[in-house]
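Here is how the chains run, residue by residue.
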Amino acid sequence: MPDPEKRFAEEWRDAAYNCFSSGHKFCREVCPVMQVTRNESWSPTAFHANVVAMEQGSLEVADVAADYVNCTGCGACELRCPNSLFTGDFYRFRTRTVDLVKGVRSLAVRQEVHQPAWRRWNELTAERTHEPVADGVSQERVRDWAQGLGLTVGGETILFVDCEAAFYRPSVPRSVARVLGLAGYGFGLMNEQWCCGGPAAEMGYEEQARRFAEHNLADWRASGVRRVLVLDPHDYITFTEDYPKYFGEAFDIEVVLVVELLAALIREGRLAPTCRSNGRSPTTTPAGSTSARGSGRSRARSCGRSPA
């Protein structure tokens, strides 16, 4: 077995044996991949069993790399694992299957064991600085969704729009920008936004992921950014988990998921959600406007739900 694979197996040995020796397999029924495929090779238990086999010299990463492709990284298996449930509170321990999957993918790439489609996706992302989610993806078009909205570049707070939203679903960031405008919440855009790097990291292309992260952080620093708003939970995970790993304590940017910000603005009374009479078309108005006035009870009725 090559030295990098030996070191990897040694690093993950204890976690793998914790899973392999218990043999409970509770994780299988909450795994969406197992629910659909019933393929034991793609189960969280198998992911750890492979490491046991690698540690004993029976497997190499090339033998099992394809088994780690289908994991969605949802983490449901970690929550269901008795090793987390029964020891987590006391020992501050949790099963880290998602990290293991990402680790195997990264090891495979370093060992030149590539998934052809993933390699091509990352090559195109590197060329365009954004994921190839639609035709015409380019750096020049990353802010096309914001045309006519009068948004500025830079500032203490910026909105980071993921590749899919920017190029494939532009109505999403446009709607968010308008709602934030109704609340009087000021924000700008990046000077030169690149992909967050999260997809590259998830597929094992760590060098590319870090390069994208370094560019984005440098852009934020140059513009005096202190807070980054994100639409996509995947971006939130990338910025709150991967970026701190890359930059350590130097990463002091606040990351805010937009849905949480909107909830806070509603609680503060800066936004007042309403619905049209048909109960199907939600709208939002600034608090204090004529259409936003009236009791919470009447607004609740208009939205087709029981008042609190």
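Structure report, in brief. Everything quoted here is computed from the prediction, not taken from an experiment.

## Concerning the packing of aromatic side chains
So, step 1. Across all of its chains, the model carries 12 aromatic pairs by this definition.
So, step 2. Here the aromatic rings of Tyr243 and Tyr246 are separated by 6.1 Å at their centres, their planes lie at 40°, and the arrangement is tilted. With Tyr243 and Tyr246 both in helix α14 (residues 233–247) and 3 residues apart, the pair spans about one turn of that helix. Assigned by exposure class, Tyr243 and Tyr246 land together as buried.
So, step 3. Ring centres of Tyr243 and Phe247 lie 5.9 Å apart, and the angle between their planes is 80°; this geometry places the pair in the edge-to-face category. Separated by 4 residues within a single helix, Tyr243 and Phe247 lie in helix α14, roughly one turn from each other.
So, step 4. Using a relative accessible area of 0% as the deciding quantity, one classes Tyr243 as buried.
So, step 5. Ring-pair connections join several aromatic residues into one group, and the members of that group are Phe160, Trp220, Phe239, Tyr243, Tyr246, Phe247 and Phe251.

## Considering the sheet that holds strand β3 (residues 254–257)
So, step 1. Reading across the sheet, the 3 strands line up as β1-β2-β3 and stay open at both edges, with parallel pairing between neighbours. Strands with a single pairing partner mark the edges of an open sheet, and in this sheet they are β1 (157–160) and β3. Going from strand to strand, the sheet's axes swing by 25° on average, the running direction of each strand aside.
So, step 2. Both β1 and strand β2 (residues 227–230) contribute to a ladder of 4 bridges, which runs parallel. Bridging from a neighbouring strand, Ile158 pairs with Val228 of β2.

## Things to note about the pairing of β3
So, step 1. With 4 bridges connecting them, β2 and β3 associate as parallel partners. Looking at β3, one finds that Arg227 is bridged to Glu254.

Analysis parameters
Residues numbered from 1 in each chain as written. Predicted model: local features only at pLDDT ≥ 70, side-chain atom pairs only at ≥ 80, totals over all residues. Heavy atoms only, no water. Phe/Tyr/Trp six-rings, centres within 6.5 Å; stacked < 30°, edge-to-face > 60°. Helix = DSSP H or I, 4+ residues; strand = E, 2+ residues; numbered from the N terminus. Buried < 20%, exposed > 50% of the residue type's maximum accessible area, 1.4 Å probe, protein only. Pairing = 2+ DSSP bridges. Axes fitted to C-alpha atoms, helices over the stretch in contact; angles between N-to-C directions.

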